[in-house]
Amino acid sequence: MKDTFAQITSPIKAQNIPEFIQILLDQALPIVLGVAVIFIMYGGFTIAKAGGSDSEYSKGKQVVMYAVIGLLIVVAAKAIVDGFLESTGLR
């Protein structure tokens, strides 16, 4: 009697680590974009309802600034990984 074992295939389609990071960033970018938009809106509403309160205005401004910085970091990471894959010929 022949032994048969179930074949398990990997759900990860990447062949190397930079390609895996690229796939991860491709999946994370829409999520990060949505979260950044929500935080930018929250910061904008906080600024709008500050009503002369310097602390509320500063809080809203800080939220918007951090949301934009976070979004820029993720976009820059994606660009760096894409550039690395293109320059090394891994893509």
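Residues numbered from 1 in each chain as written. Predicted model: local features only at pLDDT ≥ 70, side-chain atom pairs only at ≥ 80, totals over all residues. Heavy atoms only, no water.

Chemist: Explain the overall build of the protein to me, using residue names and the numbers behind them.
Modeler: In terms of helices and strands, the protein carries two helices and zero strands. Scaling as 2.2 N^0.38, a compact globule of 91 residues should have a C-alpha radius of gyration of about 12 Å, whereas the protein reaches 21 Å, well beyond that. With respect to the three principal axes, the spread of C-alpha positions in the protein is 80 × 40 × 15 Å. Taken over 91 residues, the protein has a buried fraction of 19%. For the protein, the share of sequence-separated contacts (at least 6 apart) that also reach a separation of at least 24 residues comes to 56%. When the accessible surface of the protein is summed, it comes to about 7100 Å², and 69% of that surface belongs to carbon and sulfur atoms. Side-chain charges of the protein comprise 7 positive and 7 negative groups, with the mean position of each set lying 4 Å from the other. (Helix = DSSP H or I, 4+ residues; strand = E, 2+ residues; numbered from the N terminus. Rg over C-alpha atoms; globule rule 2.2 N^0.38 Å. Buried < 20%, exposed > 50% of the residue type's maximum accessible area, 1.4 Å probe, protein only. Contact = heavy atoms within 4.5 Å. Areas by Shrake-Rupley, 256 points an atom, 1.4 Å probe, with all protein chains shown as cover. Lys, Arg positive; Asp, Glu negative; His and termini not counted. Charge placed at Lys NZ, Arg CZ, Asp CG, Glu CD.)

Chemist: Tell me about helix α2 (residues 54–88), and please be specific about residues and values.
Modeler: The terminal C-alpha atoms of α2, which comprises 35 residues, lie 50 Å apart, in line with the 51 Å expected from a rise of 1.5 Å per residue. Considering only its buried residues, α2 is in contact with α1 (17–48). With its phi angle positive at about 75°, Gly89 sits one or two positions after the end of α2. (Expected span 1.5 Å × (residues − 1).)

Chemist: Account for the pattern of salt bridges, naming residues and giving values.
Modeler: Under the definition given, this model contains two salt bridges. One salt bridge connects Lys78 with Asp26, and the closest N-O pair in it is separated by 2.7 Å. A residue pair is termed long-range when its members are at least 10 positions apart, and Lys78 in helix α2 and Asp26 in helix α1 qualify at 52 residues. Asp82 is paired through a salt bridge with Lys78; the nearest N and O atoms lie 3.0 Å apart. Remark: Lys78 and Asp82 occur in helix α2; sequence separation between them is four residues, near one turn of the helix. Sharing partners across several salt bridges, the network here consists of Asp26, Lys78 and Asp82. (Salt bridge = Lys/Arg side-chain N within 4 Å of Asp/Glu carboxyl O.)

Chemist: Give a description of the packing of α1 against α2 that names residues and reports values.
Modeler: At a minimum axis separation of 9 Å, α1 and α2 run at an interaxial angle of 165°. The angle between α1 and α2 places the two elements in the roughly antiparallel class. Considering how the two elements wind past one another, α1 and α2 form a crossing that is left-handed. Taken together, the residues of the contact of α1 with α2 sort by class into 23 nonpolar, five polar and seven charged. (Axes fitted to C-alpha atoms, helices over the stretch in contact; angles between N-to-C directions. Parallel < 35°, antiparallel > 145°, perpendicular 65-115°, else oblique. Left-handed = near helix turned anticlockwise from the far one by under 90°. Nonpolar A, V, L, I, M, F, W, Y, C, P; charged D, E, K, R; others polar.)

Chemist: If you had to explain α1 to someone new, which residues and values would you point to?
Modeler: Under the 1.5 Å per step criterion, the end-to-end length of α1 is 44 Å for 32 residues, consistent within 8% with the ideal 46 Å. Here α1 has its buried residues at Pro18, Glu19, Gln22, Leu25, Ala36, Gly43 and Thr46. For α1, the elements touching its buried residues are α2. Structurally, the start of α1 carries an N-cap: the backbone nitrogen of Glu19 is 2.9 Å from a side-chain oxygen of Asn16. (Polar contact = N/O pair within 3.5 Å; in protein donor to acceptor, adjacent residues only side chain to side chain.)

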